Amino acid sequence: MENGILKILNFYAGYNVKTILTNINLSIPSNKVISIMGPSGCGKTTLIRCINRMHELQPDANFKGQILLNEKNIFATSPILVRRKIGMVFQKPNPFPTMSIYDNVVSGYILNGIKIPRSEKDRIVEETLRKVYLWDEVMDSLHRKGTFLSGGQQQRLCIARAMAMNPEIILLDEPTSALDPKATAKIEELITKIKKSVTVILVTHNTAQAARVSDFTAFLYLGELVEFGFTEKLFTTPKDKKTEEYLTGKFG
Amino acid sequence: MKMDRYFKSILFGAAILLLLLLTGIFFTLLIGSIPAIKASGIKFLSGTSWNPVTGVYGAVPFVIGTLLTSFLALFISLPFSFSISLFLGEYFKKGALAEFLNYATDILASIPSVIYGFWGLLFLVPIVRKFELSFHILPYGVGIFTASLILAIMIIPYTSYLAKEVILLVPQDIKEAAYSLGATRSEVIRKIIVPYSRSGIFAGILLSLGRALGETMAVTMVIGNSNLIPGNIFSPANTMASVIANEFTEATNDVHLSALIELGLLLFIITGIINFIGNEIIKKLSIKG
Amino acid sequence: MQRRIIKDKLFEIIIIIFALVSTFPLILILFQIVKKGIASINWSFFVNLPQPPGESGGGVSNAILGTFILIVIAGGFSILLGVLGGTFISEYKDKKISELIRLCVNIFQGIPSIVIGIIVYIWIVMPLHRFSALSGGIALGIMMLPLIVKSTEETLRLIPSSLKEASLALGASYTTTMLRVILPAGINGILSGILISVSRVAGETAPLLFTAFGNPFMNFNIFKPVDSLPLLIFNYSMSPYPEWHSIAWGASFVLISFIIILNILTKMVSRKWKTVF
Ligand SMILES: Nc1ncnc2c1ncn2[C@@H]1O[C@H](COP(=O)(O)OP(=O)(O)OP(=O)(O)O)[C@@H](O)[C@H]1O
Ligand SMILES: [Mg+2]
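Nothing here was measured: the structure is a model prediction, and the numbers come from that model.

Chemist: Tell me about the packing of helix α7 (residues 172-180) of chain B against helix α8 (residues 185-196) of chain B, residues and numbers included.
Modeler: Residue and element names in this part refer to chain B. One way to put it is that α7 packs onto α8 with a least axis distance of 10 Å and a crossing angle of 145°. By crossing handedness, the relation of α7 to α8 is classed as right-handed. Side by side, α7 and α8 meet where Ile174, Lys175, Ala178 and Tyr179 of the first sit next to Arg185, Val188, Ile192, Ile193 and Tyr196 of the second. Classifying every residue of the contact of α7 with α8 gives seven nonpolar, no polar and two charged.

Chemist: Now, about helix α3 (residues 60-91) of chain B: what can you tell me, with residues and values included?
Modeler: Between its first and last C-alpha, α3 of chain B extends 44 Å over 32 residues, near the 46 Å set by a 1.5 Å rise per residue. Of all the bends in α3 of chain B, the greatest, near 45°, is centred on Ser77 of chain B, and the proline Pro79 of chain B appears no more than four residues after it.

Chemist: Let's hear about the site of ligand 1: which residues, and what values?
Modeler: Residue and element names in this part refer to chain A. Taken together, 13 residues are adjacent to ligand 1, and Ser40, Gly41, Lys44, Thr45 and Thr46 come closest. At 3.3 Å, a side-chain N or O of Tyr15 approaches a nitrogen atom of ligand 1. In this structure, Lys44 approaches ligand 1 through a side-chain N or O atom, which is 2.8 Å from an oxygen atom. Compared with its free state, where it exposes 640 Å², ligand 1 has 66% of that area covered by protein. No other element matches the three residues that helix α1 (residues 44-51) contributes to the shell around ligand 1. The class makeup of the residues in the shell around ligand 1 is three nonpolar, seven polar and three charged.

Chemist: Summarise the sheet that holds strand β4 (residues 61-69) of chain A; cite the residues concerned and give the values.
Modeler: All names here are of chain A. Read from one edge of the open sheet, four strands run β2-β1-β4-β5, paired in antiparallel fashion. Both outer strands of the open sheet, β2 (18-28) and β5 (72-73), are each paired with one neighbouring strand and no more. Bridge analysis of β4 against β5 gives two bridges, and the strand direction is antiparallel. Within β5, the position partnered with Leu68 by the bridge is Asn73. Each of β1 (6-15), β2 and β4 touches α1; the most contacted strand, β1, lies at about 120° to it.

Chemist: Report on the environment of Ile182 of chain C, specifying residues and quantitative values.
Modeler: All names here are of chain C. Inspection of the secondary structure assignment puts Ile182 in helix α9 (residues 174-185). Looking at Ile182, the relative accessible area reads 5%, which means it is buried. A sequence separation of 26 residues divides Ile182 from Leu156, and the C-alpha atoms of the two residues are 7.4 Å apart. When sequence neighbours within four positions are dropped, the list of residues in contact with Ile182 reads Leu156, Ile159, Lys164 and Thr177.

Chemist: Lay out the sheet that holds strand β6 (residues 86-89) of chain A with the relevant residues and their values.
Modeler: Residues and elements named next belong to chain A. The strand order β6-β7-β8-β3-β9-β10 describes an open sheet built from six strands, whose pairing is mixed. At either end of the open sheet lies a strand with only one pairing partner, and these are β6 and β10 (224-230). Geometrically, the sheet is characterised by an average inter-axis angle of 15° between neighbouring strands, direction not taken into account. Here strand β3 (residues 33-37) pairs with strand β8 (residues 199-203) via four bridges, running parallel. Within β8, the position partnered with Ser35 by the bridge is Leu202. Across the sheet, helix α7 (residues 151-163) lies against β6 and β7 (169-173), angled at about 170° from β6, the strand it touches most.

Chemist: A description of the pairing of β3 of chain A should follow, citing residues and the corresponding values.
Modeler: Residue and element names in this part refer to chain A. Taken across its five residues, β3 has five buried, putting it largely inside the fold. Here β3 shows no split at all, with Val33, Ser35 and Met37 on one side and Ile34 and Ile36 on the other all buried. By the bridge criterion, four bridges tie β3 to strand β9 (residues 216-221) in an arrangement that is parallel. Following the sheet pairing, Ile34 is matched in β9 by Phe216.

Chemist: Could you give an account of the nonpolar core, naming the residues involved and the relevant values?
Modeler: In terms of nonpolar packing, the biggest core is built from 149 residues, with Leu29, Trp50, Tyr116, Phe248 and Leu263 of chain B together with Ile114 and Phe210 of chain C touching the most fellow members. Residue contributions to this core reach at least three from each of two domains, namely domain 1 (2-40) and domain 2 (43-272) of chain C. Ranked by size, the runner-up nonpolar core spans 95 residues in total, among them Ala13, Leu26, Val33 and Ile48 of chain A.

Chemist: Lay out the domain arrangement of chain C with the relevant residues and their values.
Modeler: All names here are of chain C. What the domain assignment reports for chain C is domain 1 (2-40) and domain 2 (43-272). Taking only C-alpha atoms into account, the centre of domain 1 sits 32 Å from that of domain 2. The junction of domain 1 with domain 2 conceals about 670 Å² of combined surface from both sides, 82% of it contributed by carbon and sulfur atoms. For the domain 1 face of the interface with domain 2, the top three residues by lost area are Ile33, Lys36 and Ser40, together amounting to 63%. At the boundary of domain 1 with domain 2, the tally comes to two residue pairs in polar contact (both at pLDDT 80 or more). Residue classes in the side of domain 1 that touches domain 2 are distributed as four nonpolar, three polar and one charged.

Chemist: Quick one: what's the story with the interface of chain C and chain B, residue by residue and with numbers?
Modeler: Across the contact, 81 residues belong to chain C and 79 residues belong to chain B. Summing both sides of the interface, chain C and chain B together bury roughly 7,200 Å²; the carbon and sulfur share of this comes to 82%. Viewed at the interface, chain B and chain C are joined by two salt bridges. Among the salt bridges present, the one from Lys267 of chain C reaches Asp106 of chain B, with a minimum N-O distance of 3.4 Å.

Chemist: Which residues make up the side chain of Ser61 of chain C, and what are the values?
Modeler: Residues and elements named next belong to chain C. Locating Ser61 in the fold gives a position in helix α4 (residues 61-91). Here the side chain of Ser61 touches Asn48 through a polar contact of 2.7 Å, landing on its backbone oxygen. Discounting residues that sit within four places of it in the chain, Ser61 has contacts with Phe45, Phe46, Val47, Asn48, Leu49 and Met218.

Chemist: Could you give me a rundown of the packing of aromatic side chains, with the residues and numbers involved?
Modeler: Residue and element names in this part refer to chain B. This structure, assessed with the given rule, holds 32 aromatic pairs over all chains. Relative to Phe135, the ring of Phe131 has its centre 4.8 Å away and its plane inclined at 40°; by these criteria the two rings are tilted. The exposure class of Phe131 is partly exposed, given its relative accessible area of 35%. Phe135 sits in the exposed class, given a relative accessible area of 52%.

So, how was this worked out
- Residues numbered from 1 in each chain as written.
- Chains lettered and ligands numbered in written order.
- Predicted model: local features only at pLDDT ≥ 70, side-chain atom pairs only at ≥ 80, totals over all residues.
- Heavy atoms only, no water.
- Axes fitted to C-alpha atoms, helices over the stretch in contact; angles between N-to-C directions.
- Helix = DSSP H or I, 4+ residues; strand = E, 2+ residues; numbered from the N terminus.
- Left-handed = near helix turned anticlockwise from the far one by under 90°.
- Contact = heavy atoms within 4.5 Å.
- Nonpolar A, V, L, I, M, F, W, Y, C, P; charged D, E, K, R; others polar.
- Expected span 1.5 Å × (residues − 1).
- Bend = angle between axes of the 7 residues up to and from the residue.
- Near = heavy atom within 4 Å.
- Polar contact = N/O pair within 3.5 Å; in protein donor to acceptor, adjacent residues only side chain to side chain.
- Areas by Shrake-Rupley, 256 points an atom, 1.4 Å probe, with all protein chains shown as cover.
- Pairing = 2+ DSSP bridges.
- Buried < 20%, exposed > 50% of the residue type's maximum accessible area, 1.4 Å probe, protein only.
- Core = buried A, V, L, I, M, F, W, Y, C linked by side-chain atoms within 4.5 Å.
- Domains from an automatic or database assignment.
- Buried area = accessible area lost by both parts, 1.4 Å probe.
- Salt bridge = Lys/Arg side-chain N within 4 Å of Asp/Glu carboxyl O.
- Phe/Tyr/Trp six-rings, centres within 6.5 Å; stacked < 30°, edge-to-face > 60°.

Okay, here's the thing in structure tokens:
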């Protein structure tokens, strides 16, 4: 994994004087699904919010160390550039309530003030909505508000919104925890499909989900990276005792 | 429980009294306007001249004066109130500067109108006069522009308070979603926060407009009190409220008094409608007005 | 890219500048009131009556007393009625009449104060054929009503119904429950509503122009005109005499101090007597 698309090196992060993440070292290969597991409060959200520099939006946040995207330190450029290359989907579906479904998909372009011709926009909207299996369901109501959709549809719209920017990496923070099993299955299906065009980092509480969709798994415990490797290997022959305990449901 | 019956009827009595009092205000104005309505009819609303000596009562000059001062004040104040609401609702929610700005707007809101008028008279009027001299405008000093300046200062706290409250209501998660797409803060403000809080900001502007329309003392003191239709924004004029303040105790006869009451009725209806709409919007947004 | 970042910074700077600039008028006004106000305040300012222009040593004792009288009358007129009315609409939330009162109160909160002056002129000044402290006080009282009704209702609404049920379950009558349990539990909210409404009307001038009217002499009779600080500021500031202007500055200083103290008091009351549920 020497030539990972994203490398996290000696990374620390926290709030105020409290340190949440300690000495994280991780190299993430491209066009794969990487799941990050760990008990509640271990720092999963904090970690992925560092990857697209959302962490520093909190007034009392701090961090130390390096994160390299394609060998370039993300802290050496502007956060807005980093965020365009690294998309994010949140735990609770949050389409923009003031925008139509159509505008939600291209909201990255709207927000960034990127002018593109109408036909190009139409193409992006259709292509992206097809990618997330939403096109057939919303093609007749593209100009209605996205907030009328069901929770699962809203979450797929949010994934489309992030995918429309053609990011290199997409971060998903427990994207299915607010959804029912059917909607969850749809999202898992699309995750395994979109990895052709994007590297997926998936935070999940659900070990079965990690096993189903991810190629690699990282196990985080109390802010430390305990183990990282092929999902199959990590699930069948965990090296660390803590990983084993977590997988067998001893805590979490 | 005889006691309870008494107590409940006292409560009910208070409610009835309250209702009678409040609705009584409207009917009193209506009845008080009858002599003027009989004398002038629709000319009251279309007449461009107001002359108690000849018994001609046309409210148009005052309606124009009122609308001009209020909208000009709104126009002047908006960039400031908008900035304050973003300052307190987005950029600096906490901290010494926010505290200072909060206190400052609080005090601005509690300074009595008559003190604004007094300060305007002694401080603003000479400045405006100098300004007018240098631009070769008749240097009255007093007039619509001066009144609008004072009014603008007076309504800034109201608009900014309401706008700040609705801006604080914008959910954090949709702001974060916008940041995660690479938007800058100003882009998030312009494309997410403002559209989201549009109706609340509108209500704030509406309620401030209501205040400006009915503001009396400060305006009366610096508007120059002319009953003619203002020629430009530097002309002396009168608003509906200021002409009532000026002429009421010196009303020459019953029709004159009644015409002034009718002006009050007009003011009441306009501000009543504005407040009603503003309050309905705010009720829907469930913020404290 | 670089342009967007610059634009973003520029936007922020403009917001900060505009926000801070809007405090300039306040600083200017307060500075002048404090400077000129304190200069014209001395012992005789508080105890003497106004003097003709050109004579020094004039005071505003009549206006201070008048303001006091007007506020007492306003409070007497509005507090009981407002609290009872507010209690009614919180107790009978869904009745038609409560809805109606709520609607009226909301609308009347924004009615120009000069209109209230007209009303009280018709209701009281015309029948009595004279301007009077009584009419001025009632005008201010009417202006206080909406705020008192609203704050009472809002306060009572926050009191959990379990408190009422607990009292009733102990065998207390409805009246006792309301007077001994519910209203005392909301005392901080109700009291701060009253105080804030006093601070709002203390500076009102327009509704007094044709009710209390103003009076250069000391007057204790509520059926005669009285002066008030805002009325005096108005009359003196419109005069051409510098001596009167400096008295108006002094009166402004006293009035603003009074209002700011009331506001601070309100904040203290709502904090100190807060009942925690
Ligand atoms: N803004 C903040 N200020 C201070 N501490 C915070 C803040 N946000 C999170 N924390 C703390 O940081 C730790 C890690 O939080 P984080 O949200 O990264 O955990 P997580 O692994 O995502 O948990 P979960 O599975 O519950 O989402 C927690 O102990 C949390 O209390
Ligand atoms: Mg989390």
